[in-house]
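# Chain and residue survey
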Amino acid sequence: MTSFPWARFGVYSAALVGIGYGLMKATTPSEAQLYNEMAPDLRRKVDAARATRLAREAEMKKQVDAQISVFLLFILPFLHLGYFGQEVLITIASYFCRLSPRSRQRP
């Protein structure tokens, strides 16, 4: 029984992957090139989508900051209390979930 030529297989496999990667890098335009080649109406749509995404990310960051501050102010002090602390955490969490405007929205 002959042995499988692992070294040659490895070299050919690496060469094939390298060629594929080189072709991808050579033929795929960068984001700036793609944006510059777009029609003006598509650029406006992309700019509007980008502005919407940035506004959504800023709103999400504000919500995360608020949740972190709620955690630090209300929940963190009860973590060392054992079972009683867990009950308090559940009560606080359910209270804030009911107040959350996102909990009333449907997807």
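Parameters at a glance
- Residues numbered from 1 in each chain as written.
- Predicted model: local features only at pLDDT ≥ 70, side-chain atom pairs only at ≥ 80, totals over all residues.
- Heavy atoms only, no water.
- Salt bridge = Lys/Arg side-chain N within 4 Å of Asp/Glu carboxyl O.
- Helix = DSSP H or I, 4+ residues; strand = E, 2+ residues; numbered from the N terminus.
- Buried < 20%, exposed > 50% of the residue type's maximum accessible area, 1.4 Å probe, protein only.
- Phe/Tyr/Trp six-rings, centres within 6.5 Å; stacked < 30°, edge-to-face > 60°.
- Lys NZ or Arg CZ within 6 Å of the ring centre and 35° of its normal.
- Expected span 1.5 Å × (residues − 1).

Here the focus is the pattern of salt bridges. A full pass over the atoms with the stated rule returns 4 salt bridges. The closest approach of N and O atoms between Arg 53 and Glu 57, which form a salt bridge, is 3.4 Å. Placement of the pair is Arg 53 and Glu 57 together in helix α3 (residues 40-75), with a separation of 4 residues, close to one helical turn. Its relative accessible area of 40% is what places Glu 57 among the partly exposed residues. A salt bridge links Glu 59 to Lys 62; the shortest N-O distance between them is 3.7 Å.

By the definition in use, this model includes 3 aromatic pairs. Measuring from ring centre to ring centre gives 4.8 Å for Phe 4 and Trp 6, while their planes differ by 65 degrees; the resulting arrangement is edge-to-face. Ring geometry for Trp 6 versus Phe 9: centroids 6.1 Å apart, planes at 85 degrees, classification edge-to-face. One end of the pair, Trp 6, and the other, Phe 9, are both in helix α1 (residues 6-27), 3 residues apart, so they sit about a helical turn from each other. On the accessibility criterion, Phe 9 (43% relative accessible area) is partly exposed. Of the aromatic side chains, those joined through ring pairs into one cluster are Phe 4, Trp 6 and Phe 9. Its end group placed over the ring of Tyr 35, Arg 50 keeps NZ or CZ at 5.6 Å from the ring centre.

Working note: α-helix, 3.6 residues per turn, so residues spaced by three or four point in the same direction. In this model α1 runs 31 Å from its N-terminal to its C-terminal C-alpha over 22 residues, within 8% of the 32 Å that 1.5 Å per residue would give. The element α1 is largely exposed, with a buried count of 0 among its 22 residues.

Time to look at the environment of Val 70. Following the sequence through the fold, Val 70 ends up in helix α3. Between the C-alpha atoms of Val 70 and Ala 93, which are 23 residues apart in sequence, the distance is 9.9 Å.

Any link to function would need more than the numbers given here.
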